[in-house]
Structure formats: structure tokens, C-alpha cells
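Structural characterization, general
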Amino acid sequence: MAPQAPVIRLRDVTKSYGVGAAKTQVLRGVSFDVDKGELIALVGQSGSGKSTLLNIIGGLDQPDAGEVEVLGVDTLAATDKKRAQIRNHSIGFVFQAFNLLDHLNVLQNVTLPSAFARDPKDVDGRGREALRRVGLSDFANRRPGELSGGQKQRVAIARALFGQPTLLLCDEPTGNLDSETGREVIDFFRELNAKDGVTLLIVTHERRISSVAKRVIAMKDGMIVETTDEALAAGSAGPA
Amino acid sequence: MMPVGNLARMVVGNTLRSRRHFVLSAFGIVIGIATFVLFLASTEQVGAVLEKIFPLDQVQVVAPRASLLGKDISKKLDDGIVKTILTRKEVASALPRMNLTFPAFGRGDFEGNDLKFEVGGFADGIDPSFVRDDERVQAQFKDWDSMNDPKRVACVPPPASPTQEVIQSPPAPGIANRPVGIALGPDGQPTFDKDGEPIYGNPCPDPDEYYCDSIDNRCHHRVPVVMSPTMIELYNGQFAKSHGLPIADTDFVKFVTMRGGLSAMRFSIGLGLTTIAGSNTSIQHRPRRVEAVLVGISAKAMPIGMTMPIQYIERWNREFQGEEAATTYSSIIVTLKDKTQLAVFAQWLQEKLDLRLEDSLGQKFATVMFVIRLVLVLISLIIIAISAINIAHNFFMQVTERRRELGLLRAVGATQHDVRMVVLGEAALIGLIGGLLGVGIGVLLALGVDYASAHYLPRFPYKPATWFHFKWWIWMGGLACAAGFAVLGGYLPARKASTMEPAQALTQN
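The shown structure was predicted, so the numbers you read here are calculated from the model rather than taken from an experiment.

So, how was this worked out
- Residues numbered from 1 in each chain as written.
- Chains lettered and ligands numbered in written order.
- Predicted model: local features only at pLDDT ≥ 70, side-chain atom pairs only at ≥ 80, totals over all residues.
- Heavy atoms only, no water.
- Pairing = 2+ DSSP bridges.
- Helix = DSSP H or I, 4+ residues; strand = E, 2+ residues; numbered from the N terminus.
- pLDDT = per-residue confidence, 0-100.
- Contact = heavy atoms within 4.5 Å.
- Buried < 20%, exposed > 50% of the residue type's maximum accessible area, 1.4 Å probe, protein only.
- Buried area = accessible area lost by both parts, 1.4 Å probe.
- Salt bridge = Lys/Arg side-chain N within 4 Å of Asp/Glu carboxyl O.
- Polar contact = N/O pair within 3.5 Å; in protein donor to acceptor, adjacent residues only side chain to side chain.
- Axes fitted to C-alpha atoms, helices over the stretch in contact; angles between N-to-C directions.
- Parallel < 35°, antiparallel > 145°, perpendicular 65-115°, else oblique.
- Left-handed = near helix turned anticlockwise from the far one by under 90°.
- Nonpolar A, V, L, I, M, F, W, Y, C, P; charged D, E, K, R; others polar.
- Core = buried A, V, L, I, M, F, W, Y, C linked by side-chain atoms within 4.5 Å.

This brings us to the sheet that holds strand β4 (residues 65-70) of chain A. Residue and element names in this part refer to chain A. The strand order across the open sheet built from 4 strands is β2-β1-β4-β5, with neighbouring strands paired in antiparallel fashion. The open sheet terminates on both sides in strands that have one partner only, identified here as β2 (24-34) and β5 (73-74). As paired elements, strand β1 (residues 8-17) and β2 share 7 bridges and run antiparallel to each other. Each bridged residue has a counterpart across the sheet, and for isoleucine 8 the counterpart in β2 is valine 34.

Next comes the structure, spelled out in C-alpha cells:
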């Protein structure tokens, strides 16, 4: 049986911001693969480049050089439309700041991705199911302003799950939550990975997430400096 | 690409939730569009009034004036010229006009007043097919004398006046028994009173429309006459006031109906007679009387005077002035298939026929109106353009304020095009609503101006009932302009929104 193609394949990805003297190299030749069903914690100090890497994988940012393949699609060569389609159908994002729209109610926030989908089926039903999974069935008509931080993050997770994604990209998902709520979120991610086989890449400072991750990739100064699991399938962990 | 329904819902939702932004953005558009539609509607109406006075759809071909030793040697406009003009491909029709070339004198009763007026020099003829203003005019304005008319029966005309003064016929209400002809009895014979004196009256079977002609002693239909609106305006503006007569309603038919119908608008014409002292025109026939009736108001009539079917003028000119006068036209009205061909036609006319187009006041006014309209529309467009800049400014602020939201849309599947369309859609919606409000305010202002005009402006010739004509294209143009400029204003902010890196938009404050 042929080996399954990785969900994420990065090769020598570099990224910098600014020009001239103000130029900052954020990523310096990052390479690794993520297989389907993995739960990976991407750790490192602030400014190490982990969020930038996450955004590049999600197609929210573009690298200066390198190869980025997500779900079999070369996202650098793909059109904006194709990248948007992948984000809409196959990738879910969970942000530290939740990024809920205050003028929409909870259900409308969860079903927001359907606005950009062609012929979405049973939008409300799927939205309510996503809310049920995060334990907020009774909050569909509330406004984000009426929710606690933990509830907001659960709504954000429900939105990420609305499209039944293959890949969930989370950027400090527990960063704004108290420890108890953070633990609940981590448990939910673990369950999601174990039961639904969703691949998760979580940027975090949270040690507990690292402890539940199947692999931990540590970054420093834009390079991968350590990985706690088996050697990377291909490429190197950083520049030579 | 985002489905249109979803886009519309998102655009409406976003617009409704930020009212302050809407008001700030739409304010300029409302003012700009209000002035835009107001200016266009007013110049449209003023232009229409001017075109009514000076019709633009036809040009008049005339011969340049030339004289030698006091004798008119101008080029003769005749049927040959008409035929030559008709050979031109840009010409749709060519209809001659013919002036009455000898003295004539009119007399009629109006509102109990015995009105006398010169007709010679103030009358011309035109082909009846040219005057089709309304059904009544179409039915009445024709050459009755060339038709086989069963009512053209024998009659005894009234005795000639010893002074050859034109006699009003038939008697107007209140002026009884003025001799106009011996009335016929049931046996068709003249009737007499107990003293053996003839009983005068209109002897014709249909006295409202026919009169007894003194040449062939037969009943003839009255000569149908049309007058231009200018005459009514002159009457209302000066004549009525100075003679203590009632103002004619803008609806002339209504005015006439109130005074006993068209049969009350009859008058006699003394062909060959004049009140002008010193007139030395030689005529080839002794003066005689015909009767005419005003059948309607038409812009096709000569501006100052009266117009009748050209066949009457031809016959009278032949009778009083000879064949030359009956075959020489005063002008030829040419209708062009396309107004843009006017210059080509005018050049050909001058070079090949040595003729020219009569100076058209209408065209001069049209040019002035065009310039005025251009200036006013430019002013309103400048206001709208400034409002578009205002919209751009507001939307740039909006895009900055909403960058997280726009970044999120990208994260959940919006393309750059989707984000651009959302922002442009909001701009277009603001433009459309602003445009609708602007059109509404424009109409309200117009109503106010019309009210003030009706109540506070004194009457003057051609004073319109309304100063504005909101044609459909003005409404649509206003809305399109509003939406167009708003979209233009929103374009750069939309571009900025769509090209923003979503990662930065989502993380930066």
C-alpha cells in the first residue's frame, strides 16, 4: 500500500518583513511534514516565527521562498481562489483573539464560512451541530459580547469545525483563557483528533498542549531547533 | 466567488450596522444628486418651453434678399426647388410656405368687442399634412373648397357694405340682426319680414361652420386657421391686460369652450382691404369678404400672425396678384432625417442652390441652453465628485477599522475579489440610497419652487406651470451617477481591503 501523502509539506520556507536595515528574517528555511491525523504542537518564544509559519500553511500569508504544499495543493502556485477554497472547505482556524464578529449572533458567526461556499447544504443545521459539539447549543442567538472568554473560544472552534475540516490550525488557542477553560479546550482538541481524525497544528506556549501532542516542534529565531518525535520525513530541521 | 445573494445580505447588513459611516458617506451624494436632478429637470423644462416657441426639428430654407432699383430680385422658391431639395438623402420632407402677398383686413367679435386687425403680412399658408397637433386640428385644418362638399349649396349673400368695410358674420351673441345674408325659409326661398324687408342671418345649412360667399353665391366652409402659442402669450401678456380682456387659459380648448366653442372664434377677412394708410399695392381683383375660423393652436403656425392651408393662399394670391405670386413660396420647411446633417445640408444649399437657412432663434437658444445645462451639470458633478472623495476617505477609515473583520472573511474562505465586492457593494448601496434621497429632495425642492412661482411670480409670456420636467432618464441618471461615483470613491479602499495580508489584518490592532 502506497504511503499516504502528508497533509502539510514544507521545504526551505523563508519569510522576512521590512526592507533594508529594518528587514527582519522571521523564517529561515523551515522544512517538515505533517501526516494525516497528527496533533502537533509548535512551540517557541515570541518572535520565533511559529505564528508566521502557521499563517503561511493556512494561506493567510505568503513566504518569500520555499515550497508549501497543503492537502496536496502547492499553495504558492495556487490561485487566490483556490487558496480561498481550501480555507473554506478543508482548513479551520482558531485564533487567540477569537475574532468573532460582534454584529452577528453566535450561530451567524459559526456559519460565516457558508457565505463564501457554493450551494452550502443545511447551513443552520450544521451550525447548530457544531455548537452542540462545543457545548453551546443554547447560545445560538446570543451576541459574542454576552459570552465569557471560554465561550467565545468555543464559538470560534465551532466556526472552525463548521466546514468539517481536515486540518485545524490553532494559534495560541488557550492564550486568553483561564487554566480550567484552557484545559477543556485542550481536551476537546485531543478528542477531535482521536475520534474524528482531524489533523491539528497548534501554536502554543501551553505545556499541557505539548504534553498531549503526538509531536512537538520547537522553533527559535525562525528555525526548527528541536522535534521530540521521530526524524522528519524529509528535508532538514533548519538551515545548514 | 461569493454567491450574489450572500453578497447582497452581507452588504446590506454591514451598511445598516454602521449608520454614522453611512450618514457621513451619503451626505455629499444626497446634496450632489439633488442639485444634479434639479438642474437637469429645470434645463429640460426650460429647453422644452423654448423648443415649443422655436421648434428645432425643422429648418426653414429661404432665398437671400436681393433688390435692384427698389425691385425684389430674390431667387424664386418654387416647386422645382422643392423637388431638388427632396433629392437629398438627408432630407425627410420639404414643405413650402407661402405668404399672403396682398393687403387683407380682419374683423371679429371677441368678448363683445369688435376687433379689427391686419391680416396682410401676418398670414401664410402651409400644407395641411404638416399641422397634425390634435384631432380637432386634423379634422378641421384642410382645404375645404377643393373638396366635393355637399353643403356648398346656393345662398344669397348680404348686400355689400357701401364703405366696403368688412362685415362681421354671423352676428355675435348680443349683436342681433346684423345683415349677413338673407335667411332661407323651409321652401329654400329667401324670407322677408312683414314690411317686405329681407330677414338677414346666416342662410347656410350649417351656420356654425359655413358662410355665404359673395363671389359664387354658395355656402363655403370657413377657412380654417391656426395660430402659434406665441400669439396666445402675447395676448395674455400684453393685449388682454391693456384691453381689459380675460386671460386665456393655458388649456386653450378649455378657454374656448367656456366662450361657446370654436364657432365663437370666427372672424371675417376682407381680401384686398387694409387699414394701413398709404398702402399702394395694386390688386387685380375687387375686394371681397371670406370668413375664417380659428381651429387650434399650433407651433407650426407663423409666430406672429395666422396660418391656413396653403391652397387658400395660392388661390387668393393668384386671384389678387397673378400667377407669379401663386407659385412663389416664402420659405421651404425642411425636416432632416438626422439633425447632425444640418451643416452638410446648409453647405449644399448655399453652394448648389444659392439659398440659405433662416436664422433660427431656436438653435441659438438651444446652444445657450446647452451651455447653461453643461455648466449646471458640471457644478453638480463637482459636488458629487467631492462626495466621492469623501466616500473614499470614509471607506479608507472603515477598512482600517474593520481590518480584523476583513481578515477573518479571508480566513473563512473569502477571495480577494469577494472582499473587494463587499466593500464596493457597500459603496454602491450608500450611493443608491443617497441617490434616492437626493432625487427625493430634488423633487421636493422643485415642488417648492413651483409653488413659489405660482403664488409669488407675476404672470409673463410662456410662464410655465412647472419649472421642472423630471424625465425618467433624469431619475435613472441621478441614481446611476450616485452609485457610479460612490463605487468610484470606494474603489481604492476596496482594493486596499482586498490586497491586505489577512495574517497581518488578523493580528494587528
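So that's the structure; there's more coming.
Residues and elements named next belong to chain B. Summary statistics for chain B give a mean pLDDT of 82 and a share of 83% for residues scoring 70 or more. In this model, residues 168-180 is a region of pLDDT below 50 whose contacts with residues beyond four sequence positions or in other chains number 33 contacts. Predicted as a complex, the structure gets a pTM of 0.65 and an ipTM equal to 0.90.

Turning our attention to the environment of Ile441(B). Residues and elements named next belong to chain B. Of note, isoleucine 441 is situated in helix α12 (residues 416-456). Between the C-alpha atoms of isoleucine 441 and isoleucine 33, which are 408 residues apart in sequence, the distance is 8.9 Å. If sequence neighbours within four positions are ignored, isoleucine 441 has contacts with Val30 and Ala34.

Residues and elements named next belong to chain B. Relative to the helices and strands, leucine 38 resides in helix α2 (residues 19-53). Overall, the relative accessible area of 15% leaves leucine 38 in the buried class. Along the sequence, leucine 38 and tryptophan 467 sit 429 residues apart, while their C-alpha atoms lie 9.8 Å from each other. Leaving out residues up to four positions away in the same chain, leucine 38 has contacts with Gly442, Leu445, Ala446, Phe468 and Phe470.

Okay, the interface of chain B and chain A next. The interface of chain B with chain A comprises 25 residues on the first partner and 24 residues on the second. Contact between chain B and chain A buries roughly 2,100 Å² in total, counting both sides, with carbon and sulfur atoms accounting for 62%. Among the ionic pairs, Arg410(B) bridges to Asp80(A), the shortest N-O distance being 3.0 Å. Viewed at the interface, chain A and chain B are joined by 9 residue pairs in polar contact (both at pLDDT 80 or more). When residues of the side of chain B that touches chain A are traced back to their parent elements, those giving at least two are α1 (4-17), α11 (403-411), α12 and α14 (502-507) of chain B. No other element matches the 6 residues that α11(B) contributes to the side of chain B that touches chain A.

Here we come to the pattern of salt bridges. By the definition in use, this model includes 27 salt bridges over all chains. Between Glu180(A) and Arg183(A) there is a salt bridge whose closest N-O contact spans 2.7 Å. Of this pair, Glu180(A) and Arg183(A) both sit in helix α6 (residues 179-196), separated by 3 residues, roughly a single helical turn. Under the relative-accessibility criterion, Glu180(A) is labelled partly exposed at 42%. Classification of Arg183(A) as partly exposed rests on a relative accessible area of 36%. Where Glu324(B) meets Lys76(B), a salt bridge forms, and the shortest distance between an N and an O atom there is 3.6 Å. With Glu324(B) in helix α8 (residues 323-326) and Lys76(B) in the loop between β3 (71-72) and α3 (79-86), the pair connects residues that are 248 residues apart, well separated along the chain. By relative accessible area, which is 52% here, Glu324(B) ends up exposed.

Another aspect to go through is the side chain of Gln140(B). Take Gln140(B): it is sitting in helix α4 (residues 135-140). Look past the residues within four positions of Gln140(B) in its chain and what remains in contact with it is Glu209(B), His221(B), Pro224(B) and Val295(B).

Further remarks concern the sheet that holds strand β9 (residues 215-220) of chain A. Pairing between the strands of a sheet comes from backbone hydrogen bonds, and it takes one of two forms, parallel or antiparallel. Residues and elements named next belong to chain A. The strand order across the open sheet built from 6 strands is β6-β7-β8-β3-β9-β10, with neighbouring strands paired in mixed fashion. Whereas interior strands pair on both sides, the edge strands pair on one side only; in this sheet they are β6 (91-94) and β10 (223-227). Direction aside, the axes of adjacent strands within the sheet are offset by 20 degrees on average.

All names here are of chain B. Running from amino to carboxyl end, α1 crosses α12 at an angle of 60 degrees, the nearest separation of the two axes being 9 Å. Relative to α12, α1 is oriented oblique. The chirality of how α1 crosses α12 is right-handed. Residues Leu7, Met10, Val11, Val12, Asn14 and Thr15 of α1 form the contact with α12, whose own contacting residues are Met421, Val422, Gly425, Glu426, Leu429 and Ile430. Within the contact of α1 with α12, the residues separate by chemical class into 8 nonpolar, 3 polar and 1 charged.

Before going further, it helps to spend a moment on the environment of Thr275(B). Residue and element names in this part refer to chain B. Here threonine 275 lies in the loop between β11 (266-271) and β12 (288-297). Its relative accessible area of 52% is what places threonine 275 among the exposed residues. In the structure, threonine 275 is positioned 170 residues away from phenylalanine 105 in sequence and 7.0 Å away in space, judged by C-alpha atoms. Setting aside residues no more than four positions away along its own chain, threonine 275 makes contact with Phe105 and Glu118.

For the rest of this paragraph, the subject is the nonpolar core. By size, the foremost hydrophobic cluster in this structure holds 81 residues, and its most contacted members are Leu10(A), Phe32(A), Leu53(A) and Ile57(A). Per-element tally for this core: the top contributor is α2(B), with 9 residues. By size, the runner-up hydrophobic cluster in this structure holds 53 residues, among which are Val59(B), Ala123(B), Ile269(B) and Leu349(B).

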